[in-house]
2 protein chains.
Amino acid sequence: MTDRVVTAFAPATVSNVACGFDVLGFPMEAPGDCVTVRFTGASGATALVTIDDIVGDDGRLPRDAERNTASVAARAMLEAAGDRRAVALTIRKGLPLSSGLGGSAASAAAAVVAVDALIGARASIETLVHCALIGEGLGAGGAHPDNIAPAICGGFVLVRHPNPPDIIRLPVPAGLTAVVVHPDIEIETARARALLGTSVPLADAVRQWANLGALVHGLHVSDFDLISRSLEDSIAEPRRAPLVPGLAAIKRAASDAGALGSSLSGSGPSIFALCRDRAIADRVAAAMTAAVQRETGVSSQTYVSSISTRGAHVVTA
Amino acid sequence: MTDRVVTAFAPATVSNVACGFDVLGFPMEAPGDCVTVRFTGASGATALVTIDDIVGDDGRLPRDAERNTASVAARAMLEAAGDRRAVALTIRKGLPLSSGLGGSAASAAAAVVAVDALIGARASIETLVHCALIGEGLGAGGAHPDNIAPAICGGFVLVRHPNPPDIIRLPVPAGLTAVVVHPDIEIETARARALLGTSVPLADAVRQWANLGALVHGLHVSDFDLISRSLEDSIAEPRRAPLVPGLAAIKRAASDAGALGSSLSGSGPSIFALCRDRAIADRVAAAMTAAVQRETGVSSQTYVSSISTRGAHVVTA
């Protein structure tokens, strides 16, 4: 007999990671979202998912199960497994909305991992990612698993191909520590994407893939200097910089405090930095937090974390 | 006392390597160019280089030392070392002109390595590449060291930044073998570059850097299946395909014979394939040679070689 209630946690994720626009991401240890799933006792001709409750979103996420990232992902998971038992979800948002920390990905990832455990499907990573992607397709207006894949797999993740997902786990050098500062401003992903346009100068694109190739190599050989030189975004960051007042000054503060590099997390407004150890990361976090206050005049939340190597996981069963 | 005559060999190089446009390259063991340098006995206020002879170019390369790739590179090397002794060069072209096999890079690389040995400068890789680049800047109308760097360093080489050069040697999986077929047609590098335009669709660019990141990872972990999936060019090959009649059929012949992947070498017309071992490479070479004959109606030269790990080197001193 399967358990009747399962809760899964999925972490915040930093996507793009400077030179890896749309293809690279990594998860933090925390914060994250939790999704609890239970069998309702009903079953039907098609997968059926309802929402019991959503906590921590100030009432802003859709309660309609047809339109909620987590419930759509949960239904996709049930359908993939051919399971027709009805389930109900409780979603606890630990991530701020529209923060650039992969909030919708975390909800979708937690939902599929929870459903997978509830029904005992033991689905492959590819299936979990695919189902979460169906959920997130609603939230982000597109299907880029650069948050979903690291949220589910853990580790530094490169998505070679979005669908069907071709997911590559890159090594994480010992000591590598992430700082994320989330200023209390909101950016719509769709607006941030529109700023990019649909074409880019070839020279900028060449520079981007040179840096991405170098970053992948740097992660393999734990070359922090090379990682530092590679953490440069010639595509998205220059075009999105106007969305975050004072971005250049905040990045300079990170770099002056010893960060290897920094950039927007996802489409912002959160800003991440990577550091070679925890002590440096703590200094970088303080410097970035102060710079955000000085430059934007708004408050912020700051997180310091190693790169999570496990991703979404069941926390109670 | 330094030797009075030095000859250096520099190999053919495959640049771009499908997903690594302008940033990735590798050298073959052969064919290549040889450059012999000797002191003339003169010296002056500035570096002085003359050309004794050029062999194997059917008289097509400039004899004017101010305009010849090898002599300009040689002079840059003398200047970098602060050496004012006059030298004279003999250039033996083993590479066909405008073949996409890095012919001008090979001449420049052989010249700087020969001069470096002649004057006993023991210059760094970065200096050798920089000086060869000055030479090749003439030949290719631009300064992209994705042929120069592998010709000098050996191995699979990623150029993170062109100038000053930031050069990364990637691992070469055991067994990896290259096939190059050079159809007897000529493509001007400048024309091939014009076909690319100056901007590219963002979606194509994302696909390119996803593949490049995956290829770098695949080389590190010797994952031939991933290397195969990653050897896809969404930028240059589609736009340059019209330059090589029957390219799609030639690529299909390579793939049917067991190649991991294939694409244009540099700006073509040469076509390379990568294979997981020598036996497969020999079959792929036969299949591609037959396909080139069938599709283009012209004859071709075919080369099979492991990835050279030593690059340009002195052959007599």
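Residues numbered from 1 in each chain as written. Chains lettered and ligands numbered in written order. Predicted model: local features only at pLDDT ≥ 70, side-chain atom pairs only at ≥ 80, totals over all residues.

Let's talk about helix α10 (residues 278–296) of chain B
Residue and element names in this part refer to chain B. Along its 19 residues, α10 runs 26 Å from first to last C-alpha, staying within 8% of the 27 Å computed at 1.5 Å per residue. Looking at α10, one finds that the buried residues are Ala281, Val284, Ala285, Ala287, Met288, Ala291 and Val292. Where the residues of α10 are buried, they touch β7 (177–183), α9 (247–256), β10 (271–275) and β11 (300–306). (Helix = DSSP H or I, 4+ residues; strand = E, 2+ residues; numbered from the N terminus. Expected span 1.5 Å × (residues − 1). Buried ≥ 20, exposed ≤ 12 C-beta atoms within 10 Å, placed from the backbone. Contact = placed C-beta atoms within 7 Å.)

Some thoughts on the relation of the copies chain A and chain B
At an RMSD of 0.0 Å, chain A and chain B line up after a rotation of 180 degrees and a shift of 0.0 Å along the axis. Expressed as an axis order, the relation between the two copies is that of a two-fold axis. Of all interface residues in chain A, 100% are interface residues in chain B too; the two copies therefore contact each other through one and the same surface. (Least-squares fit on C-alpha atoms with pLDDT ≥ 70 in both.)

Observations regarding unusual backbone geometry
Cis geometry is found at the peptide bond from Ala30 of chain A to Pro31 of chain A, where omega equals 0 degrees. Mapped onto the fold, Pro31 of chain A is located in strand β2 (residues 24–43). A cis geometry characterises the amide bond from Gly268 of chain A onward to Pro269 of chain A, with omega recorded as 5 degrees. The topology assignment puts Pro269 of chain A in the loop between β9 (261–264) and β10 (271–275). Here the phi dihedral of Asp22 of chain A falls at roughly 70 degrees; this positive angle occurs in a residue that is not glycine. Mapped onto the secondary structure, Asp22 of chain A falls in the loop between β1 (5–15) and β2. With a phi angle near 70 degrees, Ala18 of chain B is a residue other than glycine that sits in the positive phi range. Under the C-beta neighbour-count criterion, Ala18 of chain B is labelled buried, with 27 such atoms within 10 Å.

A closer look at the domain arrangement of chain A
Residue and element names in this part refer to chain A. Annotation of chain A at the domain level lists domain 1 (5–170) and domain 2 (177–306). Averaged C-alpha coordinates put domain 1 and domain 2 at centres separated by 24 Å. If you look at the interface, domain 1 gives 25 residues, while domain 2 gives 33 residues. Breaking the side of domain 1 that touches domain 2 down by element, the ones donating at least two residues are β1, β2 and β5 (156–161). Considering every element that reaches the side of domain 1 that touches domain 2, the biggest residue donor is β2, with 5 residues. Residue composition of the side of domain 1 that touches domain 2, grouped by class: 15 nonpolar, 9 polar and 1 charged. (Domains from an automatic or database assignment. Nonpolar A, V, L, I, M, F, W, Y, C, P; charged D, E, K, R; others polar.)

Observations concerning the sheet that holds β10 of chain A
Residues and elements named next belong to chain A. Spatial ordering of the open sheet is given by β9-β10-β7-β11, a layout of 4 strands whose pairing is antiparallel. Each edge of the sheet is formed by a strand with only one pairing partner; in this case those strands are β9 and β11 (300–306). Neighbour-to-neighbour, the strand axes of this sheet turn through a mean angle of 15 degrees, independent of strand direction. With 4 bridges connecting them, β9 and β10 associate as antiparallel partners. Directly across from Gly261, in β10, lies its bridge partner Leu274. (Pairing = 2+ DSSP bridges. Axes fitted to C-alpha atoms, helices over the stretch in contact; angles between N-to-C directions.)

What to know about the sheet that holds strand β9 (residues 261–264) of chain B
All names here are of chain B. Here 4 strands make up an open sheet; going across it, the order is β9-β10-β7-β11 and the pairing antiparallel. The open sheet terminates on both sides in strands that have one partner only, identified here as β9 and β11. Recorded for the sheet is a direction-independent mean angle of 15 degrees between the axes of neighbouring strands. As judged from the 7 bridges shared by β7 and β11, these two strands associate in the antiparallel manner. Among the inter-strand pairings, Pro183 is bridged to a residue of β11, identified as Ser300. In the packing of α10 onto the sheet, the strands contacted are β7, β10 and β11, and the crossing angle to β7 comes to about 15 degrees.

Some details on the packing of helix α6 (residues 202–221) of chain A against helix α6 (residues 202–221) of chain B
Running from amino to carboxyl end, α6 of chain A crosses α6 of chain B at an angle of 25 degrees, the nearest separation of the two axes being 9 Å. With respect to α6 of chain B, the axis of α6 of chain A lies roughly parallel. In terms of crossing hand, the pair formed by α6 of chain A and α6 of chain B is right-handed. Two secondary-structure elements touch here, α6 of chain A through Ala205, Gln208, Trp209, Leu212, Gly213, Val216, His217 and His220 of chain A and α6 of chain B through Ala205, Gln208, Trp209, Leu212, Gly213, Val216, His217 and His220 of chain B. (Parallel < 35°, antiparallel > 145°, perpendicular 65-115°, else oblique. Left-handed = near helix turned anticlockwise from the far one by under 90°.)

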